[in-house]
Amino acid sequence: MGGGSALSLVAAAVCLSLAVLAPAVSGDGATLESVPDLVKAMYIDIESFPCVRLLNLSGEIGCSNPGSEKIISPIVRLTKGSDQLVQPSTVLLPIDQMSNFFLRVSNDPEFLQKVSGVLIESNGANNNLQELSPDGKFPQDAFAPYSNHSHDWNPAGSGIMWNRYDFPVFLLSEESTRVLQKVSEKNKKTDNGYKANVAEFDLVMQTTKAQTHDSTSCLKERSCLPLGGHSVWASLPPIKNGSTEHPKPIILAITSQDSASFFRDRSIGSDSPISGLIALLTAVDALSHIHDLSNLKKQLVFAVFNGEAWGYLGSRKFLQELDKGADSVNGINSLMIDQVLEIGSVGKAVIEEYPSFYAHAAGNSSASKKILDALQSASESLGSDNVKVKQAASSNPGVPPSSLMSFIRKNMSTSGVVLEDFDSHFSNRFYHSYLDNPANVNSSSIAAAAALVARSLYILASADSVVDLMTLNTIKVNVSLVEELIGCLLTCKPGLSCGLVKSFISPSSSSCPSHYVGVFLDDPSGTQFPSYADDTSRFVWNFLADRTSTLAGNKSSCTGKCGDEGEVCVGAEVEGGGRCVVSTTR
C-alpha cells in the first residue's frame, strides 16, 4: 500500500553541498596551472549530512538558507566556556551542545542574528553522551487516542527537530570533524580579527516558493515532494483466492520500518523501530517451519508499515484501503481483524539474569487479555531461556507512541497489545537521533523478543482449542538470522550489500542504511512491489513472500509476474531471475 495518501509532511530541499574555503599558501613550491588547480588549492570538500526543510499542515520545520544567495562565513567553534559570537559565523558545535544550542537559537533573537550556519561534530568513540533525542517528550502526541498528552514517554526529548531554522545545518562525518576542528583552531589563533578559514554554503538549501509555506499549498503548486513509501503485508499460510470457506478471524502482527532524525540521511533507528522489524521477520521465519498452520483456528497476517515516523502514514493508509476494499488488501478486511500484536522497540530489554519485556494493552477487553495471556504462556514455554513479560503500569495514560494508535483511533474497541522494552518511559535515550545506532541494541534482546512473539502468535492462532505443546516447543528462532539482519539493516558494512539482501534484490545504494521514509512516487500497479520502492521495502516484500510461501507447480525462473493467480515472483531482481511461489504478499 502506498504511504502517500493523507499526507502531512513534504520535503522542500533536495540537493546540497558544503565546502571550506581556505586561501592557498604561497611559497610551498606548488604550481597552479589551471582554474581547477586553483579551486583544489582553495577548497576542502567536506563530507556531511543535511538537515532539510519539511512542511506540514501548519507550517515549516527543519533547516534552509534564509534566501537565494550563497552563505560564506568564518568558522567558530562554540563550547560551554565560549558561548558568544562577535560576528555572523558558521558555528562548529560539539554534539553534546546540540540540544541547548538549538533551544537557545529559538529563544534568543540577538544570538540568532549571528548564526550563519551550523556544523555538528560527529560523536567520537570516546564520547560519553548519555542522551540525545531531537523529538518531543510525547512523540506524535496529536495521534494519541487519549486526552493525556502531558506524559513524558521520551524524557530525553528536546523537540528541536520540530522547529524552523533559517540557516543551513550539517552533521559532519568523523573525518570531517577532525578537519574542521583544526580549521577552527587556526581561526581562533588569529589576533587581527580576520578569519582566514570560512565555510561556503552554495545555493542548495532551497526555500519554499512564495506563499507556499505549508504542505497543502505547496502540494497544490507542485513545488515540493510528498513524503511516503510502500508498506508490506503477508499472510501465513497464503490466503486462497476465491475460497468459498468462511474467512478465519485474523491475528495481525505489525511493526514499522522507518525512523526519523534531525539529519535525514542518518535515520538509522536501531532500537526504534528496526529492532521490532528484525524481531518480526525472525518470528515469521520461525513460524514458517511449522507444518499444518492451515489447521489453526485463526489466520496469521503480518504488516510492516512505512511512514510511521511522520504521522503514522503507513498504518493510516492501510486502514483506509481496508475500508475501500482496495486491490492492495484483497483477501482481508477490517471486520476480520480479531487481535493486533505490535512489536515495538525490543532491542534494549534489561539483560541481567534474563530479558524482560512490557506488554502495553489497549483497553481491558477479553480479547486484549487473551493476548496478554498468550504472551505469558509463551514466556513460560521458553523455560530455561527465561524470557519474561510484564504488563505495563496501569498508571500509563494508554499505549505508547505506536502504529496501534491508528487502529484505536479508527475503532476504539480494537483489541491490541504493543510489546516494548520499556514500561512508562522509553529506554532508548537516543530516540530519533543518529546515535540510535547498532551499539544501542542487543541482539540477544531482539532474539528473545522474536521467540516470545512467534510462540505467542501460534498460541493466539490456536484460539480456544488445546495448544499442541509438542509443536509449540519446536518453535525456535534462528539467532544467526538476527545477527545477519542487524548487519544488513543497521551497519555500513556489509549493510544492504549483505548476502541475505542480495539473494532477493539488487540494492540501489551501497551507502550506509538509512530508514528515512523518502519521497512517495506512485501507487503500485499490482501485488508485486514496484521497482522504485526503497531497498528496505523491496527486501521486506521478498523476505516475507519467501518465508510465507508454498512452492508453485511451475518452478521456472521469473523476472516479474507469474502465470497463475496467487503466485508471486520472489528474487526477480537477482541475476538469472527469481522463482514463482504461492504467497499472499503485497
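Residues numbered from 1 in each chain as written. Predicted model: local features only at pLDDT ≥ 70, side-chain atom pairs only at ≥ 80, totals over all residues. Heavy atoms only, no water.

Student: Where do I start with the overall build of the chain in this structure?
Tutor: A tally of helices and strands in the chain yields 14 helices and 24 strands. Classification of the 586 residues of the chain by burial places 57% in the buried group. By sequence separation, contacts in the chain at least 24 residues apart represent 79% of the contacts at least 6 residues apart. Summed over its atoms, the accessible surface of the chain is roughly 25,100 Å², and 49% of this surface lies on carbon and sulfur atoms. (Helix = DSSP H or I, 4+ residues; strand = E, 2+ residues; numbered from the N terminus. Buried < 20%, exposed > 50% of the residue type's maximum accessible area, 1.4 Å probe, protein only. Contact = heavy atoms within 4.5 Å. Areas by Shrake-Rupley, 256 points an atom, 1.4 Å probe, with all protein chains shown as cover.)

Student: Just to check I follow, could you spell out the state of the cysteines for this structure?
Tutor: A covalent bond between the sulfur atoms of two cysteines is referred to as a disulfide. Under the definition given, this model contains six disulfides. The residue that forms a disulfide with C492 is C512, at a sulfur-sulfur distance of 1.9 Å. Disulfide C492-C512: torsion about the S-S bond near 110 degrees, hence right-handed. With a gap of 20 residues between them, C492 in the loop between α12 (479-490) and α13 (499-502) and C512 in the loop between α13 and α14 (535-547) connect regions that are remote in the sequence. The residue that forms a disulfide with C562 is C580, at a sulfur-sulfur distance of 2.1 Å. Looking down the S-S bond of the C562 and C580 bridge, the torsion is -100 degrees, so its handedness is left-handed. (Disulfide = S-S within 2.5 Å.)

Student: How should the sheet that holds strand β15 (residues 250-256) be read in this particular structure?
Tutor: Strand pairs in the sheet, formed through backbone hydrogen bonds, run parallel or antiparallel to each other. Spatially, β14-β16-β15-β17-β20-β18-β19 is the arrangement adopted by the seven strands of the open sheet, whose pairing is mixed. The open sheet terminates on both sides in strands that have one partner only, identified here as β14 (232-236) and β19 (388-391). Taken over all neighbouring pairs, the strand axes of this sheet differ in orientation by 25 degrees on average, direction set aside. Pairing analysis gives four bridges linking strand β17 (residues 337-343) to strand β20 (residues 416-420), with the strands arranged parallel. Along β20, the bridge assignment pairs I343 with L419. Sitting on the sheet, helix α6 (residues 270-287) touches β14, β15, β16 (299-305) and β17, and the angle it makes with β15 is about 140 degrees. (Pairing = 2+ DSSP bridges. Axes fitted to C-alpha atoms, helices over the stretch in contact; angles between N-to-C directions.)

Student: What should I look at first to understand unusual backbone geometry in this one?
Tutor: What is expected of a backbone is that most residues other than glycine have negative phi and most peptide bonds are trans. In this model, L236 is joined to P237 through a cis peptide bond whose omega is -5 degrees. When you line up the elements, P237 lands in the loop between β14 and β15. Residue K493 is joined to P494 through a cis peptide bond whose omega torsion reads 5 degrees. Mapped onto the elements of the fold, P494 is located in the loop between α12 and α13. Unlike most non-glycine residues, R222 shows phi in positive territory, near 55 degrees. Structurally, R222 is set in the loop between α5 (215-221) and β13 (225-226). The phi torsion at H432 lies on the positive side, around 55 degrees, for a residue other than glycine. By the element assignment, H432 lies in the loop between β20 and α10 (443-461). The exposure class assigned to H432 is buried, which follows from its relative accessible area of 3%.

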